[in-house]
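Topology and contacts: notes
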Amino acid sequence: MTPSEPRVGKPSLNPGRLQKKMAAGLASLYDPADDPIPWDSALFNGSEEDVGKYEVRSEWVGTSQFFIESNVELQENGSLGSLINYHKAIEHDLFQSPYDPLIHLDYAELVNKSGFTDISTAISHRALILIEGFLSKAPEFYDQVRNALATRLQCHSSGPCSPYLIEKEAQELHLQAYRHLLNGLLGCACFWDGLVKAKIALDKWPEDPVLSAIRKSLKEGFEDRHNGLKALGPDQEDLVVRTRTGKIYQKAYPWIPADLYKRAPALVREVNENFGAGNCEVRPVNFGSRSSLSALPVSLEARGKQDIGPLGVFATRDIKAGELVMVDQSITAVSSISPSKFEHCDACHATLKAPFVPESQIIRPDCCGAVAYCSRACYLKALKGNSYHKVLCRKNFEWLYDCNGSGVSAGAGHKWQKVMFLRIMAIIIADRRQQILEGKTPTHPLKHHIVARMAANYAPIEKLHPNVPSDWEYHENIVAPTKILMMLDVNIFTDRDFSPEVIQTIYWRLENNVSMSIVDFSPSRQQTHASRQISDTSNENAVHLICLSPQYLFFNHSCERNVSWHGAISNPCVSLDWITGYNGQIMKVGSSTVFCKAIRDVKESEELKISYVGDPSGGGVDESKEMAAGRRKDMRIGLEKWFVGGCGCELCERETREMSVCGTNGGEAMDLNLLSKLGGQM
Ligand SMILES: C[S@@+](CC[C@H](N)C(=O)[O-])C[C@H]1O[C@@H](n2cnc3c(N)ncnc32)[C@H](O)[C@@H]1O
C-alpha cells in the first residue's frame, strides 16, 4: 500500500448526502416490483437478508487495491445490505432520469465507496460530459440536461428564476464531478492522469479544499511509485510508462446479471463446429499441478446451463509431429498504423505493398474510399449487407492513432485496446442494427458471439487481493471508449447495454485473449524462426499487430508445449509451408492468420498447448547460460500476467521447488512476484 492509503480508502466527498440517504433506508424510494432492471446476479443470488450470513462477500470489495480493508470492515459492520439496496435504487433512478448529472454523481460516489473506482471514474466522466455539454450549450445535451435539472428542482423552465437556479445547480455539479473524477483516479492508482485533471480543476476552483486534498494524495502516490520503480532500476522508457499507468484488479461486477459472464455448453458446441484442422476441439480443462492437467471427466451436457469454466484445446485423435492443427483467420487485427494510410487491408491486415498484392486486386469502397481491401473476400467481410464498415464509414477515428504504439517493451504496449475496441464495437453494432431490422431483440454486447467466447482473467472469487493488478489508464479505458461509442451513435446515457461495466468487461476479455505478431518487410529481414520474431521488437520497420483469432484464443500455455504457432506472415523470407492453408491456399503476406502445428506426436485426448512467451526454455542460439537463465526468469515474470505459480509443467514445478528451498536457505530466490510488486505496491 502507498502511504496515501487511509485517505484514499475513506474519502468522503459529500458524506452528509450519501449517509443520510443510506440511513433513511431506501424502501421509501425504491419499489423492486417496478424495477426495470432485472436483479438476478448469481453472484448476489440471495435476498438482502442473506447478506451477513457470509463472512465476507469478496465480490463486493471492489477493484481498487486501496479499498479492500475498508470494505471488509463495512461488511463486518453489516452495511453491505443497505449498500446493495442503495445501488439498486440508483440504477432505478438512472433509468428514470438518465440526463440528470446528480444521479450519475450519486452513483459514482456509491461505487467509489464500494471500491469499484474504475466504474466510479467512468460514471464521473459521463456526468462531466453532461454538465459541460449543458454549460457550453452543446445541442445534443443542452435541452435534455436542462429539463432533467428543472424537473428535479421542481422549477419550470418558463418560471422567471429557473435559468439562474438551473445554471447554479449545473455549476455546483461541475465541481462535484471533478472531485469524484479525481477521487476515482486516485482509487485506480492513476496518479499521473489524476494530476493532469487536478490541474485543470484547480485552475477553475483554486480555493477548493477538497480538490487540493485529493491533489496532495495524488502527488504523494505518484512520487512513491516513481521512486519505488526507480529503485528497481527499469530503463527510462519503462519508468515513464509504468509511472503513468494506473493499476486495478480485474473483477466481475457483482451487480451485472451473472448470465452475461457465463460461457454455457451451447457456446462450446457452437465453437466446435468447424474447429481447427478437424483433429482437435475445445473442452473444459482443469488447471493444477502437472499430474492433474487433463480434461475434466464432465460432459458438456452434465454442466447444463452453468458456466463451463476454463477451456482448452484437446486432440480428438492421435496427431503426428508436423501435422497442421489450426489455420485461424483473425476476426480483426489492429496495429499502430491507421488503415487510412492504405498500407494494409482493413479486414485481414495483409500488406497492400507491391509486389505482394497486385494493384488490380486492391478494392476501395465506393462509399468513402477511405480504406482498402486486399481481396473481394475481405471487401465483402467488411461491407456485405449491414456489415461493420457501414457503422464506421465517413467517421474520422484518426485520433485513435495519436501516440499509438508507444509504450512498454511488449510491442504495441496496451495502446491497441481502443483501436481493437472500435472494431469490435463496429461489428457488434452492425449486427444489432441488422437484428433490429429483422424485428429481433439486439444481442447484448457481452453475449455477442465474438465477445461471449472470451473469458477475462478473474482471480478466484474468494481471493480478496488477486495476485496481479492490471494496467488501467483514464484515456485508454474511459475517455477513448466513451468517445468511440458516442461517435458510433450509441446513446450511452440511455442504453445500459453499453454501460461502463460492460465496456471494462470487454476490455478485460480482449486483454486476456488477443495475440501479438510482428510483421517486417524491410529487405534485410532474414529471420524465419517464430520465437525470434516474438522477442525482437527493436526493429523500427516492424509493425506490431494485435489479433483476435476466434479459435486460437482457446489454447492454454505450457512451457512443455506440444504445438508451435506463428502469427502474421511475418516477412517475405518465410517458406511457403508457413503460409499454406488447409486446402493448399496461400495466405496473404502480412495477414493476421495464425498457424499452429504439432511439434511432437500427440495422443488422442491430450491437451494441445502452446507457449505464450516464445521459446519457453529461455535459451536462444549462441546464448550463454546466464543470459538464458535471465530470459527464463523474465518469462516466468511475464507469465504472471495470465497465471501465478507456474504453468504446471515439470520445469515450472522444479523452479518453484528450488525457489522455496533457496528461500528458506536465504539464498537468491527467483523473485516471481516481481510483477505483482511493480503493479500492486507502487
Ligand atoms: C488465451 S486464454 C486461454 C483459454 C482460456 N483457458 C479459456 O478458458 O478461454 C488465457 C487464459 O487461460 C488461462 N491459462 C492458460 N494457460 C494456463 C496454465 N498453464 N495454467 C493456468 N491457467 C492457464 C489463464 O487464465 C489465461 O489468462
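It should be emphasised that the depicted structure is a prediction, and the values quoted were computed from it without experimental measurement.

What the chain contains, in helices and strands, is 22 helices and 13 strands. Residue pairs in contact within the chain that sit at least 24 positions apart in sequence constitute 76% of those at least 6 positions apart. As displayed, the chain has an accessible area near 29,400 Å², and 53% of this comes from carbon and sulfur atoms.

The complete set of buried residues in helix α3 (residues 68–76) reads I68, S70, N71, V72, L74 and Q75. Taken from the residues just after α3, G78 is the one with a positive phi, measuring 80 degrees.

Another point: the sheet that holds strand β5 (residues 324–328). Spatial ordering of the open sheet is given by β5-β12-β11, a layout of three strands whose pairing is antiparallel. The sheet is open, and its two borders are formed by β5 and β11 (563–566), each paired with just one other strand. The mean angle between the axes of side-by-side strands here comes to 15 degrees, regardless of whether they run parallel or antiparallel. One ladder, built from four bridges, connects β11 with strand β12 (residues 594–598); its direction is antiparallel. Its bridge partner lying in β12, H566 is registered against F595.

As a further point, take the side chain of Q250. You can see Q250 is positioned in the loop between β1 (246–248) and α12 (265–272). Here the side chain of Q250 touches N457 through a polar contact of 3.1 Å, landing on its backbone nitrogen. Separated by 3.2 Å, the side chains of Q250 and S470 make a polar contact.

In this section: a nonpolar patch on the surface. Residues W192, V196 and I200 make up a contiguous nonpolar surface patch of roughly 220 Å² in combined accessible area. With respect to the secondary-structure elements, V196 resides in helix α9 (residues 191–204). The class of V196 is partly exposed, set by a relative accessible area of 40%.

A few words on the packing of aromatic side chains. All chains considered together, the criterion is met by 17 aromatic pairs. An aromatic cluster is built from W60, F116, Y253 and W255, whose rings are joined through pairwise contacts. Over the face of the ring belonging to W192 we find R244, whose NZ or CZ atom lies 3.9 Å from the ring centre. Over the ring of W399 we find K483, and its NZ or CZ is 4.1 Å from the ring centre.

In the region of the ligand, 16 residues are neighbours, and R263, L311, N512, N556 and H557 sit closest. A distance of 2.7 Å is found between an oxygen atom of the ligand and a side-chain nitrogen or oxygen belonging to R263. Here N512 contributes a side-chain N or O atom positioned 2.6 Å from an oxygen atom of the ligand. When the ligand is considered free in solution it has 570 Å² of accessible area, and contact with the protein chains removes 90% of it. Sorting the residues of the shell around the ligand by element identifies α18 (500–513) and β10 (556–557) as the ones contributing at least two each. For the shell around the ligand, the per-class residue count stands at 10 nonpolar, five polar and one charged.

Our next topic: the side chain of Q504. Topologically, Q504 is positioned in helix α18. Separated by 3.1 Å, the side chains of Q504 and W472 make a polar contact. Non-local contacts of Q504, meaning those with residues more than four positions away in its chain, are made with D118, Y253, W472 and N477.

Let's shift gears to the packing of helix α6 (residues 117–135) against helix α8 (residues 162–187). Relative orientation of the contacting elements α6 and α8 amounts to 155 degrees, with a least axis distance of 8 Å. Of the possible angle classes, the one that applies to α6 and α8 is roughly antiparallel. At the point where α6 passes α8, the crossing takes the left-handed sense. In terms of residue class, the contact of α6 with α8 is made up of 11 nonpolar, 10 polar and two charged.

The next thing to look at is the sheet that holds strand β8 (residues 515–519). Reading across from one edge, β6-β9-β8 is the order of the three strands in this open sheet, with antiparallel pairing throughout. Looking at the sheet topology across the chains shown, the edges are occupied by β6 (332–334) and β8. On average, each strand axis in the sheet is inclined to that of its neighbour by 30 degrees, with strand direction left out of account. Strand direction decides the pairing type here: β8 and strand β9 (residues 543–548), joined by five bridges, are antiparallel. Each bridged residue has a counterpart across the sheet, and for M516 the counterpart in β9 is I546. The strands touched by helix α15 (residues 417–437) are β6 and β9; relative to β6, the strand with the most contacts, the crossing angle is about 150 degrees.

This paragraph deals with the packing of α8 against α9. A pair of packed helices is characterised by two quantities: the angle between their axes and the separation of those axes. Look at α8 against α9: their axes get within 9 Å of each other, and the N-to-C directions meet at 160 degrees. With respect to α9, the element α8 is oriented roughly antiparallel. For the crossing formed where α8 meets α9, the hand is left-handed. Between α8 and α9, the residues in contact are H174, Y178, L181, L182, L185 and L186 and F191, D193, G194, K197, A198, I200, A201 and K204, respectively. Residues that form the contact of α8 with α9 fall into these classes: nine nonpolar, two polar and three charged.

The element β5 is largely enclosed, with a buried count of four among its five residues. Here β5 pairs with β12 via four bridges, running antiparallel. Within β12, the position partnered with L324 by the bridge is K597.

Thresholds applied
Residues numbered from 1 in each chain as written. Predicted model: local features only at pLDDT ≥ 70, side-chain atom pairs only at ≥ 80, totals over all residues. Heavy atoms only, no water. Helix = DSSP H or I, 4+ residues; strand = E, 2+ residues; numbered from the N terminus. Contact = heavy atoms within 4.5 Å. Areas by Shrake-Rupley, 256 points an atom, 1.4 Å probe, with all protein chains shown as cover. Buried < 20%, exposed > 50% of the residue type's maximum accessible area, 1.4 Å probe, protein only. Pairing = 2+ DSSP bridges. Axes fitted to C-alpha atoms, helices over the stretch in contact; angles between N-to-C directions. Polar contact = N/O pair within 3.5 Å; in protein donor to acceptor, adjacent residues only side chain to side chain. Patch = residues over 30% accessible without salt bridge, like charges linked within 9 Å, V, L, I, M, F, W, Y side chains within 5 Å. Salt bridge = Lys/Arg side-chain N within 4 Å of Asp/Glu carboxyl O. Phe/Tyr/Trp six-rings, centres within 6.5 Å; stacked < 30°, edge-to-face > 60°. Lys NZ or Arg CZ within 6 Å of the ring centre and 35° of its normal. Near = heavy atom within 4 Å. Nonpolar A, V, L, I, M, F, W, Y, C, P; charged D, E, K, R; others polar. Parallel < 35°, antiparallel > 145°, perpendicular 65-115°, else oblique. Left-handed = near helix turned anticlockwise from the far one by under 90°.

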